[in-house]
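A closer look at the structure
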Amino acid sequence: MSRPIVLLHGWGLSSSVWAPLQAALDPSLEVRTIDLPGHGKATSAGDSLESWSDAVLAQLPRNSMLVGWSLGAQLALHLACLHPDRVSRLVLIGATPRFVQTDTWQAAMPADTLADFQRSFDIDPAATQRRFIALQGLGDARRRDVVNALGSAATPPDDAHKTALAEGLGLLANIDLRKVVPEIRQPVRLLHGAGDTLMPTAAAEWLADTLPDGRLSVFTDAGHAPFLSRPQDCAGLIEGFARD
């Protein structure tokens, strides 16, 4: 039997970013999308990983298969660890346990780079969001199409959303799930673009090696958003995993 599939997007976007993947998925599957707190049409939920996870948890059916991308993948990992009764398995796209580098974690964005994004967002949020989106298209054979799709699905950094978006950048700067990853017992499928310049493939390789039941698929011609440049291929892997 297939499981309910719940899609969790990344920072600065909205659930509409999943439209190409949804169109490629078998329509007989039960698929839901959730806007992250303060994104799209969702209300804010505070500035902690726990409050964001609680907001998502309230919308999850039992036995959900979470498909999380980027920040959404980190939320999916957190939920799977804390609420195994609600999360049956995971598909993680462009995933990492920690978004920024430390002395013990180099497979990530330099901390100074993300700090610069945070400072720039306070001054010119729209330009900063565009720059962040542009980075996600790097390394993809369909870069222009990917960037256009991301831009169309972006949550505008207006007065209604700016605070929550800034809080999301704060989460990216501070989340560190390395200690909990070995505790996640659900089956996990990792999808990653070999050209991902935002999140090195080494982060996904670490997850595949550290998760008790993790398997990694790498798309050689994709960047940070392979579900946009390779929707049919991603859909096929997700469908098979949901029905396994």
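Now for a quick tour of the structure. (Residues numbered from 1 in each chain as written. Predicted model: local features only at pLDDT ≥ 70, side-chain atom pairs only at ≥ 80, totals over all residues. Heavy atoms only, no water.)

Looking now at the overall build of the protein chain. Within the protein chain, the secondary structure is distributed over 10 helices and 6 strands. For a compact globule of 244 residues, the expected C-alpha radius of gyration is about 18 Å, and the protein chain comes in at 16 Å, within 12% of that figure. Overall size of the protein chain, expressed as C-alpha extent along the three principal axes, is 50 × 35 × 35 Å. Sequence separation of 24 or more characterises 73% of the internal contacts of the protein chain that already satisfy a separation of 6 or more. Total accessible area on the protein chain stands at roughly 9,900 Å², and carbon and sulfur atoms take up 49% of it. A distance of 3 Å separates the average location of the 21 positive side-chain charges in the protein chain from that of its 27 negative side-chain charges. (Helix = DSSP H or I, 4+ residues; strand = E, 2+ residues; numbered from the N terminus. Rg over C-alpha atoms; globule rule 2.2 N^0.38 Å. Contact = heavy atoms within 4.5 Å. Areas by Shrake-Rupley, 256 points an atom, 1.4 Å probe, with all protein chains shown as cover. Lys, Arg positive; Asp, Glu negative; His and termini not counted. Charge placed at Lys NZ, Arg CZ, Asp CG, Glu CD.)

This part covers the side chain of Asp-140. Along the chain, Asp-140 turns up in the loop between helix 5 (125-137) and helix 6 (143-152). Although buried, Asp-140 forms no salt bridge, and the nearest oppositely charged side chain, Arg-142, lies 4.8 Å from it. In terms of polar contacts, Asp-140 uses its side chain to reach the backbone amide nitrogen of Gly-223, at 2.9 Å. A polar contact of 2.8 Å, which involves the side chain of Asp-140, links it to the side chain of Ser-229. (Buried < 20%, exposed > 50% of the residue type's maximum accessible area, 1.4 Å probe, protein only. Salt bridge = Lys/Arg side-chain N within 4 Å of Asp/Glu carboxyl O. Polar contact = N/O pair within 3.5 Å; in protein donor to acceptor, adjacent residues only side chain to side chain.)

A few words now on the packing of aromatic side chains. Within this structure, the stated rule accounts for 6 aromatic pairs. Ring geometry for Trp-11 against Phe-132: centres 5.0 Å apart, planes inclined by 70°, an arrangement best described as edge-to-face. Here Trp-11 is found in the loop between strand 1 (5-8) and helix 1 (19-24), whereas its partner Phe-132 is found in helix 5, with 121 residues between them in sequence. Phe-132 gets classed as buried once you look at its relative accessible area, which sits at 3%. Cation over ring: Arg-89 sits above Phe-241, and NZ or CZ is 4.6 Å from the ring centre. Of note, Arg-131 hangs over the ring of Phe-117, and the distance from its end group to the ring centre comes to 4.2 Å. (Phe/Tyr/Trp six-rings, centres within 6.5 Å; stacked < 30°, edge-to-face > 60°. Lys NZ or Arg CZ within 6 Å of the ring centre and 35° of its normal.)

Glancing now at the pattern of salt bridges. According to the stated counting rule, one finds 9 salt bridges in the structure shown. A salt bridge links Asp-221 to Arg-142, with the shortest nitrogen-to-oxygen separation between them at 3.5 Å. Of this pair, Asp-221 sits in the loop between strand 6 (214-219) and helix 9 (226-229) while Arg-142 sits in the loop between helix 5 and helix 6, and the two are 79 residues apart along the sequence. With relative accessibility at 34%, the residue Arg-142 sits in the partly exposed group.

So, about the pairing of strand 3 (residues 64-69). Counting buried residues along strand 3, 6 of its 6 residues qualify, which places the element largely inside the surrounding structure. With burial as the criterion, each face of strand 3 is covered, one bearing Ser-64, Leu-66 and Gly-68 and the other bearing Met-65, Val-67 and Trp-69. Pairing between strand 1 and strand 3: 4 bridges, direction parallel. Counted as the bridge partner of Val-6 is Leu-66 from strand 3. Looking at chain direction, strand 3 and strand 4 (residues 87-93) are connected through 6 bridges and run parallel. From the neighbouring strand, Ser-64 faces strand 4, where its bridge partner is Val-87. (Pairing = 2+ DSSP bridges.)

Our focus in this paragraph is the sheet that holds strand 1. The strand order 2-1-3-4-5-6 describes an open sheet built from 6 strands, whose pairing is parallel. Each of the sheet's edge strands pairs with one partner strand only, and the pair in question is strand 2 (31-34) and strand 6. Each adjacent strand pair in this sheet contributes to an overall mean axis angle of 20°, direction not counted. Relative to strand 6, strand 5 (residues 188-193) runs parallel, the two being bridged by 6 bridges. (Axes fitted to C-alpha atoms, helices over the stretch in contact; angles between N-to-C directions.)

Here the focus is the environment of Glu-205. By the secondary structure assignment, Glu-205 is in helix 8 (residues 201-210). Judged by relative accessible area, which is 41%, Glu-205 ranks as partly exposed. Along the backbone, Glu-205 and Val-218 are 13 residues apart, and their C-alpha atoms lie at a distance of 9.6 Å.

It is worth spelling out the nonpolar core at this point. Soluble globular proteins tend to pack their nonpolar side chains together in the buried interior. Grouped together as the largest cluster of nonpolar side chains are 50 residues, with contacts concentrated most on Leu-60, Leu-66, Leu-90, Leu-92, Phe-99 and Leu-114. Listed by contribution, the elements that provide at least two residues to this core are strand 1, helix 2 (49-57), helix 3 (71-82), strand 4, helix 4 (111-123), helix 7 (162-174), strand 5 and helix 8. Examining the composition of this core, we find that 8 residues originate from one element, helix 3, more than from any other. Setting aside chain neighbours within four positions, we find Phe-99 in contact with Ser-70, Gln-74, Ala-108, Met-109, Leu-114, Phe-132, Leu-172, Ile-175, Leu-198 and Met-199. (Core = buried A, V, L, I, M, F, W, Y, C linked by side-chain atoms within 4.5 Å.)

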